[in-house]
Amino acid sequence: MVVMFRRAALCLAFSAAFLATAVHAQQTTLLVDVDHRPQISLDGPWHSIPDPYREGWGSNPDHASPNGYAKNAHYVPGGPLVQYDFAKSPTLNVPGDWNSQKDSLFYYEGLLWYQRDFTVHPKPHTHLFIHFGSVNYAAQIFVNGQYVCNHEGGYTPFDCEITSIVKDGDNFIVAAVDDQRAVDRVPTLRMDWWNYGGITRPVSLVELPDTYIDDYSLQLKRGTQNQLEGYVHLIGAGPGTHVALNIPDLHIEKDAVTDTNGRAEFSFAAPGIELWSPEHPRLYVIALRAGSDDLKDDIGFRTVEVQGDQILLNGKPIFLRGISYHDEAPFRSGRSWSDKDVETLLGWARELHCNFVRMAHYPHTENETRLADKLGILAWEEIPVYWGIDWTNPHTLDVAKHQLWELIRRDHNDPSVILWSMSNETPESPERNAFIHQLAQQARSEDPTRLITSAIVTHFKGTTATLDDPLGQDLDVLGYNEYLGWYQGKPETIPDYTWQNPLGKPVIISEFGAGAKAGLHGPVTDMFTEEYQDNLYRQQLQMLGKMPFLRGMTPWVLMDFRSPMRQLPGIQDEYNRKGLVSDKGEKKKAFFTLQDYYAHKNE
Ligand code: GCU
């Protein structure tokens, strides 16, 4: 009985403290262009302990406690009572979600502990960081039994500095990962995708000199196509520190000095610059040097802007031949992360003759935007402000803002990215408008060179849609989702629908589609047959071809993806089947219909 009371008291202590933990400020940093820096990979097998009752926090969830799992104790016969032992616990591969690695964890949602040993020999006068590509959803990190940092947000990278904690030689890291959906989280309780939990993208150690480059930007000066401007920001540098910027292919070598904030500004002519475009994805190596820190990147230079209801790329109107997709791993399912995964997904987009992709509904893995840069595929990136968010909760807004900050900081030098999407299908209300207004303002301030959009639910009056959601005031490009012929109306009536665009802004139809089980054939009237899906695409394309202000489309969806909302046995089997390609790589009839349409789609 005593044990019971003590346990109850501990749980109460835990729940209050955990909530305190969950809201305390993000203790993380985010180094820019980390994937171009020398790294020590921490990928591979990590020991793991699922912890549905949150025992591992011990008595003090805020930081490592003597009886908490973060201490990485070992049970020794004859020794003190220890009721866990990472070294004897099963492993999970990092990166990778836990759901798709073990049947016993397929539906697991909650707290799970990871642990691994690592050896490092830090050089004097350096900073050592642990960099995570992403951890879904919340993470608390401990090194050598000491609390290091915490992070909330399941799809954006972060680093924790461990310089003062790490030892020369053997160390260990413990990560408490919690992917429990919650009303105040972003995304919130319901979403139409699988909540893959875990350390879902690569982890590495990054060692930097005392003075290092933590951020930079280099873009075409607005309104020019041969002037470059930007900045380099240093940590550990006083004013007057020299920063060198070289672009070998342009025979450009520039030097600038930092101000009192560690920021060096650049602005210079770049004659002969070749603009980046889908047809000519020209990337330039840029080399930055500050003190003993050297950093290289591959950057493309292009302009994107709105003129009336047109989208201009490098000053010319463009039609965005796109497709939406999740970061779902082809063939094996689970969270996508590897080069092979992203090469397959973007390879299918190219087969469709896409020049554009909608990376729905959250920031995708960084190597995907890097590959889009190389392939010349334009990208819409999005934070998971999805459906019914807790609009009036200050913590929720902080988390959404922080994810947006991390996404922009990670990808603001990627020429492929042209649109930052603030949300998807959020129910209209003054609170939602105010929440997303703040996000749009933040995005404009952090990156004035890209366009702001959102995906909004289309509401029809009879057969007419008027695209006048108040969110449009904050957007440069209006994204609208519609499911004519699937969730409403019959496919044969789709061409009768008309569209009004009172805001006069460019419109992207950011979702339309229908489900089909690959290989299921039958009358065109039977839902879930390939014929039904194909006919719906033909009817949709006929209607959309008549929309004068349509500047792009990203049909839903490239590939079937897992979702707990899709339970129809023998057809869905926990997959959303609106893919043009099945999860096993089978192309459905509608794939070829869209491919043919894009092959003949002029601007
Ligand atoms: C919604 C939503 C998607 C979802 C799709 C569907 O529009 O944006 O996330 O998967 O419809 O119902 O398949």
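Residues numbered from 1 in each chain as written. Predicted model: local features only at pLDDT ≥ 70, side-chain atom pairs only at ≥ 80, totals over all residues. Heavy atoms only, no water.

## Focus on the sheet that holds strand β1 (residues 40-41)
Strand order in the open sheet formed by 4 strands is β1-β12-β5-β9, and the pairing between neighbours is antiparallel. The open sheet terminates on both sides in strands that have one partner only, identified here as β1 and β9 (158-161). Bridge count between strand β5 (residues 126-132) and strand β12 (residues 203-209): 7 bridges; the pairing is antiparallel. If you follow F132 over to β12, its bridge partner there is V203. (Pairing = 2+ DSSP bridges. Helix = DSSP H or I, 4+ residues; strand = E, 2+ residues; numbered from the N terminus.)

## Considering helix α5 (residues 430-446)
Residue pairs three or four apart in sequence face the same way in an α-helix, which turns once every 3.6 residues. With 17 residues, α5 should cover 24 Å at 1.5 Å per step; its first-to-last C-alpha distance of 24 Å lies within 8% of that length. Restricting attention to buried positions, one finds in α5 the residues R432, N433, F435, I436, L439, A440, Q442 and A443. Buried residues along α5 sit in contact with α4 (394-411), β27 (417-424) and β28 (451-457). (Expected span 1.5 Å × (residues − 1). Buried < 20%, exposed > 50% of the residue type's maximum accessible area, 1.4 Å probe, protein only. Contact = heavy atoms within 4.5 Å.)

## Concerning the pairing of strand β3 (residues 91-94)
Of the two faces of β3, the one holding L92 and V94 is buried and the one holding T91 and N93 is not buried anywhere. Where strand β2 (residues 44-50) meets β3, 4 bridges bridge the pair, whose relative direction is antiparallel. Each residue of the ladder has a partner; that of H47, found in β3, is T91.

## As for the sheet that holds strand β22 (residues 316-317)
Strands sit in the order β20-β21-β22 across an open sheet of 3 strands; the sheet is antiparallel. The strands lining the two open edges of the sheet, one partner per strand, are β20 (304-307) and β22. Relative to β22, strand β21 (residues 310-313) is paired through 2 bridges, and the arrangement is antiparallel. In the sheet register, L312 faces β22, and the bridge partner there is P317.

## Points about the site of the ligand
Around the ligand lies a shell of 14 residues, among which D192, H361, E425, Y487 and K578 are the nearest. The contact in question runs from an oxygen atom of the ligand to an N or O atom on the side chain of W556, over 3.1 Å. Burial of the ligand by the protein chains amounts to 97% of its free accessible area of 310 Å². In the shell around the ligand, the residues fall into 5 nonpolar, 4 polar and 5 charged. (Near = heavy atom within 4 Å. Polar contact = N/O pair within 3.5 Å; in protein donor to acceptor, adjacent residues only side chain to side chain. Areas by Shrake-Rupley, 256 points an atom, 1.4 Å probe, with all protein chains shown as cover. Nonpolar A, V, L, I, M, F, W, Y, C, P; charged D, E, K, R; others polar.)

## Focus: the domain arrangement of the chain
Assigned domains within the chain: domain 1 (2-209), domain 2 (222-301) and domain 3 (305-599). Taken residue by residue, the interface counts 5 residues in domain 1 and 7 residues in domain 2. Here domain 1 meets domain 2 over a buried area of about 530 Å², counting both sides, of which 44% is carbon and sulfur. Counting every contact that joins domain 1 to domain 2 gives 1 salt bridge. Two residues, D293 and R37, come together in a salt bridge whose shortest N-O distance is 2.8 Å. Where domain 1 packs against domain 2, one counts 2 residue pairs in polar contact (both at pLDDT 80 or more). Among the residues making up the side of domain 1 that touches domain 2, the classes are represented as 2 nonpolar, 1 polar and 2 charged. (Domains from an automatic or database assignment. Buried area = accessible area lost by both parts, 1.4 Å probe. Salt bridge = Lys/Arg side-chain N within 4 Å of Asp/Glu carboxyl O.)

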